[in-house]
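# Descriptive structure summary
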Amino acid sequence: MTQLVLDRMVVDIPQQGAMSPLTMSLSSGQLWGVLGPNGVGKTTLLHTLAGILAPRSGRIELDATPLAKLARPMLAQCIGVMFQDHQDGFPATVYETVLLGRHPHLGVWQKESDQDHAIVLNALKSLDLLALQNRLITELSGGERQRVALAMLKAQQPKVWLVDEPTNHLDLNHQVRAMEILAEQSLQGDCVVASLHDVNLAARWCTHVLLLYPDRPPLWGESASLLTTDHLEPLYRQPLAVTELEGRSVFVPRST
Ligand SMILES: Nc1ncnc2c1ncn2[C@@H]1O[C@H](COP(=O)(O)OP(=O)(O)OP(=O)(O)O)[C@@H](O)[C@H]1O
């Protein structure tokens, strides 16, 4: 059982006043959607949960150990991060890039094992990338590059997944595939946290949501109770209509 515990944790958003503290637990088996308008701090929150940025105040613990005290190799094995922008430092192939996901699990001089290669092939297959495995990542489309980033994260096999806008650039079929992979991982016992702009993807797949408002305290809890027009209209400052489809809520913008 993996648990990321936030105790009165305040995200340090540059040039902003004090944000409301978050006291919550993110656990194995949960798929969290972080929702909120542009600039509210979703990416900054994910970077803070990854230990890349320090919180302004409060504590974050991974399985009862303060994040700041976890050794870097352990952090790299346990927490996987997918950033919004992918910086391609050098022209590696798709296969080589996904293989990098295995590196937190290898010793300094250790070569990748047959098992590592099998994990990489499985990740490539899941993201529909087998045919592209020998292509240079610098020559891929935005959506193909996004799928490589997700495959690399899958190959890493972290216990905690922090993914920033996982469906960015993806066509409808691959959006569904990406959300299915995140849901599968949470069902297999990982803790998954994804920032999302599509409230309908959140309603379909997320078990829990964290709603970050620019002008009122955040709300968090089970998706079924929080994803309502009462909570979402002030979140986006957008009137919404809601309907039921296949037993789920579907939100549509209304004209003002
Ligand atoms: N390096 C930086 N220096 C100064 N301000 C920054 C920096 N990075 C982010 N910010 C500011 O911090 C705030 C939160 O940014 P963040 O990227 O976390 O928002 P977000 O909710 O992920 O937005 P979006 O939905 O547009 O991706 C924004 O006002 C942004 O302008």
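This report concerns the structure included in the present document. These numbers come from a predicted model, not from an experiment. (Residues numbered from 1 in each chain as written. Predicted model: local features only at pLDDT ≥ 70, side-chain atom pairs only at ≥ 80, totals over all residues.)

Our focus in this paragraph is the packing of helix α5 (residues 142-156) against helix α6 (residues 172-187). In contact at an axis separation of 12 Å, α5 and α6 are set at 10° when each is read in the N-to-C sense. Between α5 and α6, the angle is such that the two are roughly parallel. Considering how the two elements wind past one another, α5 and α6 form a crossing that is left-handed. Across from Gly143, Arg147, Leu150 and Lys154 in α5, the residues of α6 making contact are His174, Ala178 and Ile181. Along the lines of polarity and charge, the residues of the contact of α5 with α6 split into three nonpolar, two polar and two charged. (Axes fitted to C-alpha atoms, helices over the stretch in contact; angles between N-to-C directions. Helix = DSSP H or I, 4+ residues; strand = E, 2+ residues; numbered from the N terminus. Parallel < 35°, antiparallel > 145°, perpendicular 65-115°, else oblique. Left-handed = near helix turned anticlockwise from the far one by under 90°. Contact = placed C-beta atoms within 7 Å. Nonpolar A, V, L, I, M, F, W, Y, C, P; charged D, E, K, R; others polar.)

Attention now moves to the site of the ligand. Taken together, Ile13, Pro14, Gln15, Gly36, Asn38, Gly39, Val40, Gly41, Lys42, Thr43 and Thr44 make up the full set of residues adjacent to the ligand. The residue makeup of the shell around the ligand, split by class, is three nonpolar, seven polar and one charged. (Near = placed C-beta within 6 Å.)

Let us now look at the sheet that holds strand β8 (residues 191-195). Spatially, the six strands line up as an open sheet ordered β6-β7-β8-β3-β9-β10, and their pairing is mixed. Both outer strands of the open sheet, β6 (79-82) and β10 (219-222), are each paired with one neighbouring strand and no more. On average, each strand axis in the sheet is inclined to that of its neighbour by 15°, with strand direction left out of account. Contacting β6 and β7 (160-164), α5 crosses the sheet at an angle of about 180° to β6. (Pairing = 2+ DSSP bridges.)

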